[in-house]
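Read off the chains here:
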Amino acid sequence: MNVQNINNSQYKQNELYHNIIAQGAGVAGGYVAKSAITGTIKTASFPLGYKIATNARSVNYADNEILLSAFDDMLTKSGLKDKGIKVHLFNISALNNADIRKRCKKALEYDEQLKPTIKNKLLRDMFVADRVKDPLYSHIVGVNAGYDRINNIINFADNYITPAAHEAGHAIINNAKSIGKAIDNLRTFVAAKRIVPAAIIVGLLTRPHKEESGKPLTKLQRAENTIHNNLGFIAGSLTLPCLINEAQASFIAEKYMKPVLPKNLFKKVVKSNRLGLATYLISAIATGVGAAGAVKVKDNISAKIKSHFKDAKTA
């Protein structure tokens with residue numbers, strides 16, 4: 001009888017050890033798969049970003065002056081000027097500044113490395129900005145615009161003015177007490193606390209459970225099943241505050257721009273807004289699909305490892 005107990009104990013320990021290995025390898029493999037899937041889908045955003053930049057750069061000097069005047073009018077009528085809004089309008093010549101060159105050192109070095117292979121300056125600027133993740137550099141070279149909600153600053157370049165009203169839309173949301181501000185705060189919280197990656201890891205740690213011998217599942221097991229089976233939807237839904245916030249900023253921008261801009265320039269502002277929103281939509285889809293794919297990869301890896309241990313035991 002004692003020998004049987006020892007054997008049962010050893011079997012349970014081995015099974016637990018094998019399950020831990022299978023679960024750990026599955027989670028790691030699933031997360032790698034998630035990164036690969038989301039990264040692949042997000043590449044679709046690059047052509048849209050290129051179109052946003054070319055749309056902005058297709059505006060001549062005289063029309064840019066009209067856009068700037070309309071932008072300034074928006075700041076006044078919205079009350080942003082009374083709320084301490086600051087605007088940093090960059091020019092490529094800013095990179096000649098010693099302090100800025102020092103801050104953008106990595107981006108400038110990478111740009112030099114790409115020059116022999118990528119002759120198109122806009123494409124090179126976009127590749128550098130995407131690789132280095134330096135907002136200052138991307139604002140100066142004119143491949144991105146931004147709103148700094150902490151310091152209440154709108155940043156954009158003189159060759160990238162069509163997206164400026166959208167950033168002012170973000171500023172209006174941030175300086176108001178409304179449901180839009182609550183959504184903006186939620187978006188910031190989700191990003192700052194890395195809620196999406198954390199949710200995906202938690203989801204990958206869950207396991208599917210089935211009723212055995214007519215015994216009903218516990219509340220915890222049912223909760224695990226819900227998370228496990230719907231991780232793609234859960235991860236994707238966490239991007240909704242971002243999508244809503246971006247759409248609202250564009251709506252606000254167009255509300256102020258439409259009455260004061262000629263139709264041809266207003267269309268360029270709208271085009272910039274729609275393309276920008278499309279990039280966020282692609283990112284949201286990538287997040288959801290990546291999370292759903294991660295669960296499937298994790299389950300397949302775990303099942304194969306468990307099968308391997310089972311076959312080795314019976315061999």
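Residues numbered from 1 in each chain as written. Predicted model: local features only at pLDDT ≥ 70, side-chain atom pairs only at ≥ 80, totals over all residues. Heavy atoms only, no water.

A. Spatial organisation of the overall build of the chain. Helix and strand counts for the chain stand at 14 helices and three strands. Compactness check: the chain gives a C-alpha radius of gyration of 26 Å against a globular reference of 20 Å for 315 residues, more than 25% above the reference. Expressed along its principal axes, the backbone C-alpha trace of the chain runs to roughly 95 × 50 × 35 Å. Taking all 315 residues of the chain together, the buried fraction comes to 42%. (Helix = DSSP H or I, 4+ residues; strand = E, 2+ residues; numbered from the N terminus. Rg over C-alpha atoms; globule rule 2.2 N^0.38 Å. Buried < 20%, exposed > 50% of the residue type's maximum accessible area, 1.4 Å probe, protein only.)

B. Representation of the packing of helix H8 (residues 164-174) against helix H13 (residues 240-257) in the model. Two elements in contact, H8 and H13, have axes whose closest approach is 7 Å; the angle formed by their N-to-C orientations is 110°. Of the possible angle classes, the one that applies to H8 and H13 is roughly perpendicular. Here H8 and H13 pass one another in a crossing that is right-handed. For the pair H8 and H13, the contacting residues are Ala165, His166, Gly169, His170, Ile172 and Ile173 in the first and Asn245, Glu246, Gln248, Ala249, Ser250, Ile252, Ala253, Tyr256 and Met257 in the second. Residues that form the contact of H8 with H13 fall into these classes: eight nonpolar, six polar and one charged. (Axes fitted to C-alpha atoms, helices over the stretch in contact; angles between N-to-C directions. Parallel < 35°, antiparallel > 145°, perpendicular 65-115°, else oblique. Left-handed = near helix turned anticlockwise from the far one by under 90°. Contact = heavy atoms within 4.5 Å. Nonpolar A, V, L, I, M, F, W, Y, C, P; charged D, E, K, R; others polar.)

C. Representation of the nonpolar core within the structure. Of all hydrophobic cores here, the largest spans 56 residues; its most connected members are Met74, Leu95, Tyr137, Ile154, Met257 and Leu261. Residue contacts for isoleucine 154: discarding those within four places in its chain leaves Phe71, Leu75, Ile85, Lys86, Val87, His88, Gly146, Tyr147, Glu167, Ala168 and Ala171. Ranked by size, the runner-up nonpolar core spans ten residues in total, among them Leu204, Ala235, Ala294 and Val295. (Core = buried A, V, L, I, M, F, W, Y, C linked by side-chain atoms within 4.5 Å.)

D. Examining helix H5 (residues 105-114) more closely. Regarding H5, the residues found buried are Ala107, Leu108, Tyr110, Asp111 and Leu114. Around the axis of H5, the buried residues are gathered within 165° of arc, so they sit on the same side. Every exposed residue of H5 that faces more than 90 degrees away from the buried side is listed here: Lys105, Lys106 and Gln113. Where H5 is buried, its residues touch helix H4 (98-103), helix H6 (121-132) and helix H7 (135-141). (Arc of directions from axis to C-beta.)

E. Molecular detail of the packing of aromatic side chains. Taken as a whole and judged by the stated rule, the model has two aromatic pairs. Taking the centre distance of 5.3 Å and the plane angle of 75° together, the rings of phenylalanine 71 and phenylalanine 156 count as edge-to-face. Separated by 85 residues along the polypeptide, phenylalanine 71 in helix H3 (residues 61-77) and phenylalanine 156 in strand S3 (residues 153-157) bring together distant segments of the chain. Residue phenylalanine 71 is classed as buried on the basis of its relative accessible area of 5%. According to the relative accessible area criterion, phenylalanine 156 is buried, its value standing at 1%. In this structure, arginine 131 packs its charged tip against the face of tyrosine 110, placed 4.7 Å from the ring centre. (Phe/Tyr/Trp six-rings, centres within 6.5 Å; stacked < 30°, edge-to-face > 60°. Lys NZ or Arg CZ within 6 Å of the ring centre and 35° of its normal.)

F. Geometry of the pattern of salt bridges. Counting across every chain of the model gives ten salt bridges. Among the salt bridges present, the one from aspartate 125 reaches lysine 121, with a minimum N-O distance of 2.7 Å. With aspartate 125 and lysine 121 both in helix H6 and four residues apart, this pair spans about one turn of that helix. Overall, the relative accessible area of 1% leaves aspartate 125 in the buried class. Under the relative-accessibility criterion, lysine 121 is labelled partly exposed at 36%. Across the pair arginine 149 and aspartate 184 runs a salt bridge whose closest N-O atoms are separated by 3.4 Å. Within this pair, whereas arginine 149 is found in the loop between strand S2 (146-148) and S3, its partner aspartate 184 is found in helix H9 (residues 179-192), the two being separated by 35 residues in sequence. (Salt bridge = Lys/Arg side-chain N within 4 Å of Asp/Glu carboxyl O.)

G. Quick peek at the environment of glutamine 13. Here glutamine 13 lies in helix H1 (residues 2-42). Taking the relative accessible area as the measure of exposure, glutamine 13 reaches 47% and is therefore partly exposed. It is 60 Å that separates the C-alpha atoms of glutamine 13 and phenylalanine 251, two residues lying 238 residues apart in sequence.

H. Layout of the packing of H3 against H8. One can describe the packing of H3 onto H8 by two numbers: an axis separation of 10 Å at closest approach and a directional angle of 10°. In terms of axis orientation, H3 runs roughly parallel to H8. Residue-level contacts link Phe71, Met74 and Leu75 of H3 to Ala164, Ala165, Ala168, Gly169 and Ile172 of H8. Considered class by class, the residues forming the contact of H3 with H8 number seven nonpolar, one polar and no charged.

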